[in-house]
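Architecture at a glance
Each chain, letter by letter, is given below.
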Amino acid sequence: MSSNPPTKPFFLLSVHETAQHLETDPENGLQERAVAALQARDGPNELSGGGGVNPWSILAAQVFNAMMLVLIICLAVSFGIQSWIEGGVIAGVIFINVAVGFLQEYSSAKTMDSLRSLASPSAQVIRNGKSLAVPSPQVVVGDIVELKTGDVVPADLRLVSANNFETDEALLTGESLPVAKDVNAVWDDKSGEFDARDIGVGDRINMAYTSSTVTKGRATGIVVAIGMKTEIGAIAESLRGGDTLVRKVRKNDDGHAPWHRYVSAWGLTAWDMIGSFLGTNVGTPLQRTLSWLAIALFGIAGIFALFCFAANDWQTNKEIILYAIATGLAMIPASLVVVLTITLAGGTRAMVKRNVIVRKLDSLEALGAVTDICSDKTGTLTQGKMVCKSAWIPSRGTVLVGESNDPFNPTDGALSFTTESPSEQASEGEKGASPITTPAFELLQQHSTPLESLLNIASLCNVAKVFKGDEGWSARGDPTECAIQVFAHRFEWGRESLTEGDSPKWSLLKEYPFDSDLKRMSVIVSRLSDEKQFVFMKGAVERIIDACTQVQTADGLVPLDEEMERTVLANVEALAAQGLRVLGLAQKSWNSHQGEESSRAEVEEGMVLQGLVGLYDPPRPETQGAVRRCHHAGIQVHMLTGDHAATARAIALQVGILPRNMNTLSKAATDAMVMTAAQFDKLTDEQVDALPLLPLVVARCAPHTKVRMVDALHRRNAFCAMTGDGVNDSPSLKRADVGIAMGQNGSDVAKDASDIVLTDDNFASILNAIEEGRRMFDNIGKFCLHLLAGNVMQAFTLLVGLAFKDANNLSVFPLAPIEILWIIMITSSFPAMGLGAEVASPDILNRKPHNLKVGIFTRETLIDIVVIGCFGAACCLATFTFIVFAIGDGNLGIDSNNHIGDGSELVFRARSATFCCMTWICLLLAFEVMDTRRSFFRMKPKTPTPYTQFARDAWNNRFLFWSIMGGFFSVFPLIYIPGLNNIVMKHTVITWELAVPVVTVSCFIAMVEAWKLGKRVFFRRLARKAPKEEDDGLGGVFAAWRTTGLDSADATLV
């Protein structure tokens, strides 16, 4: 078989030319020998590069980062001065950080990889003249594939035959309606101006493409491309090519560039690589902030180390170097990376229970910063399945269908009836007659002939199938026809019940399938009871009106004149204003002798309009509440959809994306809220940036429009999340700050470009993810405050301790290096992990997104770190000085940093007490930062048990509680086990001295509570000065629309 590409694209080749080039037989398919050879040559039919987990890249990411670099330098210095114990402990710290981070990241990556699935699990192919079902990865180029309604196309095909064949190519092209295929479609390539690239994928109607779904008919096709060589594979390949760090050289129009641009590109590339290594220009805002924090702390640690040398006359003996290392380490939150990784990994597990899979561990905390959500409509805000919501019978009234959670279930959703037409209901509003809920059988009794005529057309002029299987109700076929067929089934008027069984009532004589030019479908049927024949027709209203001459009304048949046409169109507009897609239904009697000899034009003339049906893609029941909660959380929701502007506007109003009092704004403002892609794309970037606000709804949206919207949001410093399911959504998913793919109906390419995946394709799950992201962000702020305040108190304690000089004029450790490392990695780490598991606060979705420029280190947090750190350092230094100078004789001994003896006993006892004080303060600080403003003893002011509520709050987080209890008692074996105390930890046994840290720790708690009381008073006064906002339907995220220049009568769009 030839491996060379054809001289021109396959869609320009005939079936014979395609089969000849690929050396296959359109009738009998490939031989088994050829299949084996092709599989060996081309590999499996699947996307490459998106699956599997590379453990080495994950391990490298854990080792090569700024925080780890600091620890590695300290390790090298410790071993360089032969301080084996300290060096061994630092090595253990590095190993724990790398091991835990690697295991958590690898586990998360494996979880996501296990969710990957092929677009089509199996394919029906013809080989050796036999029809076989084979796994989709085993399909090869040249295979003959058979397709039927409901199948997923396993590879790119050149169609050989097709019978009423349509495919849904929304995943590839974004087109919401199925595409009718024509095997014999040709393009004139003889003209010199013809370019095959001008024929878009959606216009190649003699082809079928990977991942598209067959919505109607049957077909066979020759496989012309598999895997990464398909149209979807080409998009996936282009997406993966955009992550290089190498800067491109900017060239002039003639293709050349001056030498200095090459130097600039090389310099910027080197800077990017260094930033990538240190983590300062990659990852989420929090990760970049922590990377810069590590670099800053490294610099501060270096300065503190110089203080140590300067305070000891620049001596470079082992003791001074160790003191410098201890002081430097005191400023490094070594356990921060481990705690952050474990906390985020715990968040991913929590998200799985809320129908969200986190593909990238860092995206979880980024969700808390989302200010804008750009959401697709179909399948995310809506159920992704058409529903017949209204049927207008001109001779009777309007049948309405109530809310339904299952669009395919004809028993779900109540039926009601009103004698008013849709236009009358729209004009009268609430003053009109209310629809009366009526069972289906009663409606048939009350409106027998007119309703039965409508149902006959809906059921028989329809090739969709609705059935009940083991897993409930389902439908197969075109979404529009499925919706109409479900409506007929509500009255037990399904196609199968009328045409099949022991006593069928109707038989199908001839079908004129839907034509994309005519935009209608017709059938000739025979009523078996009297052998009378009828023509039934359905289609776009304007095309149905063209074919009709009369309308069935309560007064009988009336001519379809201009006045009647205006009446019909008024009802069409009334239904469309509700976000419904409107179709017309018509019929007429037919004489049998005219049957086969008549043309379609003759069959489809002189029709009688029987009514209209309004179809819509119903919003998920929980969408409106989720959108409202997003608005309360300060998050703006944008709908980017391929639907018509009127439909998009109606759905957006229904789910709350547009304000309910939108009519109070000027026309210019309301027009700016809803734009079409054509209007938006005509604007230059400068004109888009000049718009006071970006549109809330963009209709008829194309893939590049979504990318432009994301870029426009970024230029406004917004942090946006983009949802999508199709291949056409992938570029915007990758460009967004948080890409959200659909797990059920999403393509592999979209998942590959995303950061998180929704397993239920539900917009409400996005809110779950944001809530979890905010919880994680809050908790990360809590344990960062906890860890960094501990670092500050340790560093200040050691810096002030430089003033304590022994008999050799060398500074004495108030805390030994091993004690510092123990507190950093053991004492503080586990409570910090417990803080990472704290539950969300009740008001977490009533706050605005946090400031991206500030991140977790707000002014309040930075002040808290310094103030609380100073409180702790003061208490520790008070403990040390009280024992040494107030109770003791002030003798600091000789070589008190290494050995007990030569007068060092007093220092070793004071160090034990100081170690207890520092350990207990760091532990109890975790309780205090559970709420950075409320008192730990009154975190729930309205509780019925005010005197014991603090104990309940402490007990609610079991991990945090036992971490603090375990850490509290862990000091005793470290103090009282011989050898471990004076050789490793550099302290000794104490007795009465334990009372001193008990007192100083109590003083620390009192100071922190007093500090939080001062903060509460300050913020209460600040809140009283804030203006109150009235709820007129245009508050919150909509308030800005009232204050823009668009809210004036003469305002115009750019």
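Just so it is clear, the structure is predicted and the values come from calculations on it, not from any experiment.

**Quick word on the overall build of the protein chain**
Scanning the protein chain from N- to C-terminus turns up 39 helices and 28 strands. Within the span of the protein chain, comprising 1054 residues, buried residues form 53% of the whole. In the protein chain, 70% of the contacts between residues at least 6 apart in sequence involve partners at least 24 apart.

**Quick look at the packing of helix 22 (residues 623–632) against helix 30 (residues 763–801)**
Where helix 22 meets helix 30, the axes come as close as 8 Å, and the angle between the chain directions of the two elements is 30°. Crossing of helix 22 over helix 30 shows left-handed handedness. Here Ala 626, Val 627, Arg 629 and Cys 630 of helix 22 lie close against helix 30, whose contacting residues are Phe 763, Ala 764, Leu 767 and Glu 771. Within the contact of helix 22 with helix 30, the residues separate by chemical class into six nonpolar, no polar and two charged.

**Some points on the packing of aromatic side chains**
Two aromatic rings, taken as a pair, are described by how far apart their centres are and by the angle between their planes. What the rule picks out here adds up to 18 aromatic pairs. Both rings, one in Phe 804 and one in Phe 880, keep their centres 5.1 Å apart while their planes meet at 25°; by these two values the pair is stacked. Here Phe 804 is found in the loop between helix 30 and helix 31 (817–827), whereas its partner Phe 880 is found in helix 33 (residues 859–887), with 76 residues between them in sequence. Pair check on accessibility: Phe 804 and Phe 880 agree, each one buried. Centre to centre, the rings of Phe 961 and Trp 962 are 5.1 Å apart; their planes meet at 80°, and the pair counts as edge-to-face. Residue class for Phe 961 comes out buried when judged on its relative accessible area of 18%. Given a relative accessible area of 53%, Trp 962 falls into the exposed group. Ring-pair connections join several aromatic residues into one group, and the members of that group are Trp 920, Phe 968, Phe 969 and Phe 972. The ring of Phe 1019 is capped by Arg 933, whose NZ or CZ atom sits 3.5 Å from the centre of that ring.

**Quick notes on the packing of helix 16 (residues 448–460) against helix 17 (residues 479–489)**
Between helix 16 and helix 17, whose axes approach to 8 Å, the crossing angle comes to 135°. With respect to helix 17, the axis of helix 16 lies oblique. When the axes of helix 16 and helix 17 are compared, the crossing they make is left-handed. When helix 16 is examined against helix 17, the residues Leu 454, Leu 455, Ala 458 and Ser 459 are found in contact with a partner set consisting of Ile 484, Gln 485, Phe 487 and Ala 488. Tallied by class, residues from the contact of helix 16 with helix 17 come to six nonpolar, two polar and no charged.

**What about unusual backbone geometry?**
Of note in the backbone geometry, Glu 23 takes a positive phi value of approximately 55° without being a glycine. Within the secondary structure layout, Glu 23 lies in the loop between helix 1 (15–22) and helix 2 (32–42). For Glu 23, a relative accessible area of 48% gives the class partly exposed. Within the chain, Asn 717 stands out as a residue other than glycine whose phi angle is a positive 60°. Along the polypeptide, Asn 717 turns up in the loop between helix 27 (703–715) and strand 26 (720–724).

**Quick word on a positive patch on the surface**
Judged by side-chain charge, Arg 1020, Arg 1021, Arg 1024 and Lys 1025 come together as a positively charged surface patch. Along the polypeptide, Arg 1020 turns up in helix 38 (residues 995–1025). Take Arg 1020: its relative accessible area is 45%, and that puts it in the partly exposed class.

**Section: a negative patch on the surface**
A grouping of Glu 542, Asp 546, Asp 561, Glu 562, Glu 563 and Glu 565 is seen on the molecular surface, where their side chains present a negatively charged patch. Listed by contribution, the elements that provide at least two residues to the negative patch are helix 19 (541–547) and helix 20 (562–576). Of all the elements, helix 20 adds the most residues to the negative patch, at three residues. Inspection of the secondary structure assignment puts Glu 542 in helix 19.

**Focus: the sheet that holds strand 25 (residues 697–699)**
Strand order in the open sheet formed by eight strands is 8-28-27-26-9-23-25-24, with mixed pairing between adjacent strands. Either end of the sheet is taken by a strand with one partner, and the two such strands are strand 8 (356–358) and strand 24 (674–676). Taking each pair of neighbouring strands and ignoring which way they run, the sheet shows an average axis angle of 20°. As paired elements, strand 8 and strand 28 (residues 756–758) share three bridges and run antiparallel to each other. Along strand 28, the bridge assignment pairs Ile 357 with Val 757. Along the sheet, helix 23 (residues 645–655) makes contact with strand 23 (636–640), strand 24 and strand 25, crossing strand 25 at roughly 150°. Set on the sheet, helix 30 makes contact with strand 8, strand 9 (372–375), strand 23, strand 26, strand 27 (738–742) and strand 28; between it and strand 9 the angle comes to about 155°.

**A few points about the side chain of Gln 485**
You can see Gln 485 is positioned in helix 17. A polar side-chain atom of Gln 485 sits 3.5 Å from the main-chain carbonyl oxygen of Ala 464. Apart from the residues within four sequence positions on either side, Gln 485 is in contact with Ala 458, Ser 459, Asn 462, Ala 464, Val 466, Gly 494 and Arg 495.

**Some words on the side chain of Lys 706**
Mapped onto the elements, Lys 706 comes out in helix 27. Once residues within four sequence positions are removed from consideration, Lys 706 is found in contact with Asp 376, Leu 640, Cys 701, Met 722, Asp 729 and Ser 732.

**Side note on a nonpolar patch on the surface**
Side chains of Leu 69, Ile 73, Val 77 and Phe 298 sit close together on the surface and give an oily, nonpolar patch of about 280 Å² of accessible area. As for its placement among the helices and strands, Ile 73 is situated in helix 4 (residues 66–80). According to the relative accessible area criterion, Ile 73 is partly exposed, its value standing at 33%.

**With respect to the environment of Val 1017**
Residue placement: Val 1017 occurs in helix 38. Each C-alpha atom, one on Val 1017 and one on Arg 933, is 9.8 Å from the other, the two residues being 84 residues apart in sequence.

**Digging into helix 38**
Across its 31 residues, helix 38 extends 46 Å between first and last C-alpha, which sits within 8% of the 45 Å expected from 1.5 Å per residue. Buried residues along helix 38 sit against helix 33 and helix 34 (905–928).

**Regarding the pattern of salt bridges**
Under the criterion given, the structure shown has 23 salt bridges. In this structure, the salt-bridge partner of Glu 481 is Lys 538, at a minimum N-O distance of 2.7 Å. Taken together, the residues Glu 481 in helix 17 and Lys 538 in strand 18 (residues 532–540) connect sequence positions 57 residues apart. Judged on exposure class, the residue Glu 481 and its partner Lys 538 are both buried. Residue Arg 708 is joined to Asp 685 by a salt bridge in which the shortest nitrogen-to-oxygen separation is 3.0 Å. With Arg 708 in helix 27 and Asp 685 in helix 26 (residues 685–690), this pair connects stretches of sequence that are 23 residues apart. Overlapping salt bridges bring together Asp 681, Asp 685, Asp 689, Arg 708 and Arg 715 as one network.

**Description of the environment of Trp 493**
Mapped onto the elements of the fold, Trp 493 is located in the loop between helix 17 and helix 18 (495–499). Sequence separation of Trp 493 and Ser 459 is 34 residues, and the distance between their C-alpha atoms is 6.8 Å. Setting aside residues no more than four positions away along its own chain, Trp 493 makes contact with Leu 444, Glu 452, Leu 455, Asn 456, Ser 459, Ala 488 and Leu 498.

**Describing the nonpolar core**
By size, the foremost hydrophobic cluster in this structure holds 179 residues, and its most contacted members are Val 370, Ile 657, Phe 763 and Phe 783. With 20 residues, helix 30 is the largest single contributor of residues to this core. Ignoring anything within four residues of it in the chain, the contact list for Ile 657 reads Leu 381, Val 627, His 631, Val 637, Met 639, Ala 652, Leu 696, Val 697 and Phe 1038. Listed in part, the 42 residues of the second largest apolar core include Leu 13, Val 134, Ala 196 and Ile 199.

**Quick notes on the pairing of strand 26**
Each regular strand shows side chains that alternate between the opposite faces of the sheet. When you tally the buried positions in strand 26, you get five out of five residues, the bulk of the element. Across the two faces of strand 26 the burial is the same, with Cys 720, Met 722 and Gly 724 and Ala 721 and Thr 723 all buried. Here four bridges tie strand 26 to strand 27, and the two strands are oriented parallel to one another. Considered in strand 27, the bridge of Gly 724 is made with Ala 741.

Reading guide: rules and limits
Residue numbers run consecutively from 1 along every chain, following the written order of its sequence. Totals for whole chains, interfaces and linings use all residues, but because this is a predicted model, local features are given only for residues with pLDDT of at least 70 and pairs of side-chain atoms are given and counted only at 80 or more. Derived side-chain values reflect all non-hydrogen atoms in the structure, with water molecules and hydrogen atoms excluded from consideration. Numbered from the N terminus, helices here are DSSP runs of H or I no shorter than four residues, and strands are runs of E no shorter than two. Relative accessible area decides the class of each residue, using a 1.4 Å probe on protein chains only: under 20% of the type maximum gives buried, over 50% gives exposed, and in between gives partly exposed. Contacts between residues were defined by any pair of non-hydrogen atoms, one from each residue, lying within 4.5 Å. Here an axis means a line fitted to C-alpha atoms, over the contact stretch when the element is a helix, while the angle between two N-to-C directions is reported on a 0 to 180 degree scale. By the definition used in this description, the sense in which the near helix is turned from the far one sets the handedness, with an anticlockwise turn below a right angle giving left-handed and a clockwise turn giving right-handed. Under the scheme applied, nonpolar residues are Ala, Val, Leu, Ile, Met, Phe, Trp, Tyr, Cys and Pro; charged residues are Asp, Glu, Lys and Arg; polar residues are all the others, including Gly. Only Phe, Tyr and Trp rings take part, Trp by its six-membered ring, and two of them pair if their centres are within 6.5 Å. Stacked means planes under 30 degrees apart, edge-to-face means over 60, and tilted covers everything else. We count a charge as sitting over a ring when the NZ of a lysine or the CZ of an arginine lies within 6 Å of the ring centre and within 35 degrees of the ring normal. Here the word oblique covers every angle except those under 35 degrees (roughly parallel), over 145 (roughly antiparallel) and from 65 to 115 (roughly perpendicular). Patch rule: a residue counts if its relative accessible area is over 30% and it has no salt bridge; like charges are joined within 9 Å, and nonpolar side chains (Val, Leu, Ile, Met, Phe, Trp, Tyr) within 5 Å. Values of accessible area rely on a 1.4 Å probe in the Shrake-Rupley scheme; residue burial ignores everything except the protein chains shown. Think of a salt bridge as a Lys or Arg side-chain nitrogen and an Asp or Glu carboxyl oxygen that are within 4 Å of each other. Here Asp and Glu are counted as negative and Lys and Arg as positive; His is not counted, and neither are the chain ends. One atom stands in for each charge, and that atom is NZ of Lys, CZ of Arg, CG of Asp or CD of Glu. Here, a strand pair is defined by DSSP locating no fewer than two bridges between the strands. In protein, a polar contact means a hydrogen-donor-capable atom and an acceptor-capable atom, both N or O and within 3.5 Å, with residues adjacent in sequence counting only if both atoms are side-chain atoms; elsewhere, any N or O pair within 3.5 Å suffices. Residue count minus one, scaled by 1.5 Å, sets the expected span of a helix. We call a set of buried Ala, Val, Leu, Ile, Met, Phe, Trp, Tyr and Cys residues a nonpolar core when their side-chain atoms join them within 4.5 Å.

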